[in-house]
Amino acid sequence: LKAQNDLQASHGLVIQARAVALPQVTASGRYADEEITLIAGSPYPAPHQSWNGGIQIVQAIYEGGKLRAAIQAADATKQQAVAQYDTVVADTLLAVRLAYYDTLLAEQQITVHEASVVLLQKELEDQQHRLDAGTVPKFNVLRAEVAVANERPNLIRAKNQYRIAKNNLANLLGYNLPREVWENIPLNLTDALEAAPYEVNLPDAIQQALTRRTELTALRKQVELNQLNIINAKSGYKPTVSVFAGYGWYNAQFTKPVELDHDINGWSAGAQMSWNIFDGMLTRGKVIQANSQYARARTDLADQSRQIELAVRTAYSDFLEAKEVLDSQTKVQEEAEEALREAKARADAGTGTQLDVLDAENSLTQARTTQVQALHDYTATRAKLERAIGADLAPAK
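(A) A look at the overall build of the protein chain. Along the protein chain, the regular secondary structure elements total 8 helices and 4 strands. Listing every helix and strand of the protein chain by position from the N terminus yields α-β-β-α-α-α-α-β-β-α-α-α. A globule of 397 residues ought to have a C-alpha radius of gyration of about 21 Å, yet the protein chain, at 39 Å, is considerably larger. Considered along the principal axes of its C-alpha atoms, the protein chain spans approximately 140 × 50 × 35 Å. The proportion of buried residues among the 397 residues of the protein chain is 34%. A sequence separation of at least 24 residues applies to 81% of the contacts in the protein chain between residues at least 6 apart.

What follows is the structure in structure tokens.
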């Protein structure tokens, strides 16, 4: 919404830029009542009241290149404003996507830690039954109780992260939350973390980014505007020529008898030229400033191009890392579940220990956590890579 306001404000700048090339129409009028002693030197009785009025149109036809530059600057300003607005939209889309994925991750982390607590609670109950039967010492029950107690804070933290993630997402979506909503926002997400296939060629991605990224479009327009500013600055060395036409009315002041309602009217037309032969080096100073700003704009464009290429390479590398980590976790969870079953079987058979079971349960929790985190990282890095490439943006014109 703020970017829309900026876009509307830039429309006013476009109108102002074009105003230099358009004709100017002015209307004027004056009425005066003077003390008679102020009027002297006339052979006729002069009225102490006078009035005049008129309308005039002036069209500049040459201002040292400024007129054409103004028209071009108006178009460049409009395109720059649209590019800046598109940049804000793209950044906002990315922020919402990342917040959405963070919320999904936090929700999945709750499921993981809840399952872990259930596993450890079952192990505690099993060890308690064995203690009651006299087959295991009290130490086994204590160790199981400690394991459950250590896992509960992880579940509490996961629930807190979920609440915070939903608050952050709601804030990015511009929701005004009711004051009666205290802790858990009733916000349910319909998607799940999924690893949809995504292939990208780095050289093509870099070229697409340099073509589509609206940040570069805005900077290119800034270079164009600064180049036009040089023309505007140099116009101070040249003359200005304009034509005018108008019609005027005024009362006859030196007639007999003197009458205020006796008016004279008629049209006038002509051309005028002005040329500052010496302006105290003002124009030279403006030219130096305009040239420096033009060079700075070109440097900014080159620097931003390198930064965008670096961003694409970095996002591409992060995406590859996330993809490789995700691929490495394909069978880990299944293997961890199988390891837990075997550890329980050995413990039941008397060939294993309770510590083996707890270690297997901990490994399963870590595998589930890593799997969920890997899915989140894959979707998040893909969103960042798409933003770096400019995949959501139309090709720049």
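(B) Region of the structure containing the nonpolar core. Ranked by internal contacts, the top residues of the largest apolar core, which has 44 residues, are Leu193, Val312 and Leu385. Those elements giving two or more residues to this core turn out to be α2 (66–133), α3 (138–172), α4 (202–212), α5 (214–234), α6 (282–328) and α8 (354–389). The element best represented in this core is α6, accounting for 12 residues. For Leu193, the residues in contact, after removing those within four places along its chain, are Tyr101, Leu104, Leu105, Gln108, Val372, Leu375, His376 and Thr379. The next biggest cluster of nonpolar side chains, apart from the first, holds 8 residues, and it includes Leu119, Val357, Ala360 and Ala367.

(C) Looking closely at the side chain of Thr365. Within the secondary structure, Thr365 sits in helix α8. Among the polar contacts made by the side chain of Thr365, one reaches the side chain of Ser116 at a distance of 3.0 Å. Aside from chain neighbours lying at most four places away, what touches Thr365 is Val112, His113, Ser116 and Glu151.

(D) The arrangement of the pattern of salt bridges in detail. This structure, assessed with the given rule, holds 11 salt bridges. The salt bridge involving Glu199 is made with Lys323; its shortest N-O contact spans 3.4 Å. One end of the pair, Glu199, is in the loop between α3 and α4; the other, Lys323, is in helix α6, and 124 residues separate them in sequence. The shortest N-O distance in the salt bridge between Arg341 and Glu338 comes to 2.5 Å. Placement of the pair is Arg341 and Glu338 together in helix α7 (residues 332–349), with a separation of 3 residues, close to one helical turn. Judged by relative accessible area, which is 49%, Arg341 ranks as partly exposed.

(E) The sheet that holds strand β3 (residues 240–251), seen in detail. Across the sheet, 4 strands lie side by side as β1-β2-β3-β4; this open sheet has antiparallel pairing. Lying at the two open borders of the sheet, with one neighbouring strand each, are β1 (24–33) and β4 (263–274). Strand-to-strand twist across the sheet, computed as the mean angle between neighbouring axes with direction ignored, equals 15°. Two strands pair when backbone bridges link them, and strand β2 (residues 49–62) and β3 are joined in this way by 10 bridges, in the antiparallel orientation. Within β3, the position partnered with Val58 by the bridge is Phe244.

(F) Region of the structure containing the confidence of the model for the protein chain. Per-residue confidence for the protein chain gives a mean pLDDT of 87, with 93% of residues at or over 70. Summarising per-element confidence for the protein chain, the mean pLDDT is lowest in α7 (79) and highest in α6 (95).

(G) Up close: unusual backbone geometry. Backbone geometry places Met281, a non-glycine residue, at a positive phi of 70°. Looking at the element boundaries, Met281 is found in the loop between β4 and α6.

(H) Spatial organisation of the packing of aromatic side chains. All chains considered together, the criterion is met by 3 aromatic pairs. Ring centres 5.2 Å apart and planes at 40° place the aromatic pair Phe319 and Tyr378 in the tilted group. Taken together, the positions of Phe319 in helix α6 and Tyr378 in helix α8 put the pair 59 residues apart, joining distant regions of the chain. When its relative accessible area of 4% is taken as the criterion, Tyr378 is described as buried. Taken together through their ring pairs, the aromatic side chains of Tyr198, Phe319 and Tyr378 make up a single cluster.

(I) View of a nonpolar patch on the surface. Together, Val25, Ile55, Ile57, Tyr247, Trp249 and Trp267 make up an exposed nonpolar region whose accessible area comes to about 620 Å². Inspection of the secondary structure puts Tyr247 in strand β3.

(J) The side chain of Arg368, seen in detail. By the secondary structure assignment, Arg368 is in helix α8. Here Arg368 is in contact with Val112, Ala115, Leu119, Gln333 and Glu337, once residues within four sequence places are set aside.

(K) Broad picture of α2. Across its 68 residues, α2 extends 99 Å between first and last C-alpha, which sits within 8% of the 100 Å expected from 1.5 Å per residue. Gly134 sits one or two positions beyond α2 and adopts a positive phi of about 80°.

(L) Here's a closer look at a negative patch on the surface. Residues Asp318, Glu321, Glu324 and Asp327 make up a contiguous surface patch of negative charge. Of note, Glu324 is situated in helix α6. Glu324 gets classed as exposed once you look at its relative accessible area, which sits at 56%.

What counts and how
- Residues numbered from 1 in each chain as written.
- Predicted model: local features only at pLDDT ≥ 70, side-chain atom pairs only at ≥ 80, totals over all residues.
- Heavy atoms only, no water.
- Helix = DSSP H or I, 4+ residues; strand = E, 2+ residues; numbered from the N terminus.
- Rg over C-alpha atoms; globule rule 2.2 N^0.38 Å.
- Buried < 20%, exposed > 50% of the residue type's maximum accessible area, 1.4 Å probe, protein only.
- Contact = heavy atoms within 4.5 Å.
- Core = buried A, V, L, I, M, F, W, Y, C linked by side-chain atoms within 4.5 Å.
- Polar contact = N/O pair within 3.5 Å; in protein donor to acceptor, adjacent residues only side chain to side chain.
- Salt bridge = Lys/Arg side-chain N within 4 Å of Asp/Glu carboxyl O.
- Pairing = 2+ DSSP bridges.
- Axes fitted to C-alpha atoms, helices over the stretch in contact; angles between N-to-C directions.
- pLDDT = per-residue confidence, 0-100.
- Phe/Tyr/Trp six-rings, centres within 6.5 Å; stacked < 30°, edge-to-face > 60°.
- Patch = residues over 30% accessible without salt bridge, like charges linked within 9 Å, V, L, I, M, F, W, Y side chains within 5 Å.
- Areas by Shrake-Rupley, 256 points an atom, 1.4 Å probe, with all protein chains shown as cover.
- Expected span 1.5 Å × (residues − 1).
- Lys, Arg positive; Asp, Glu negative; His and termini not counted.
- Charge placed at Lys NZ, Arg CZ, Asp CG, Glu CD.

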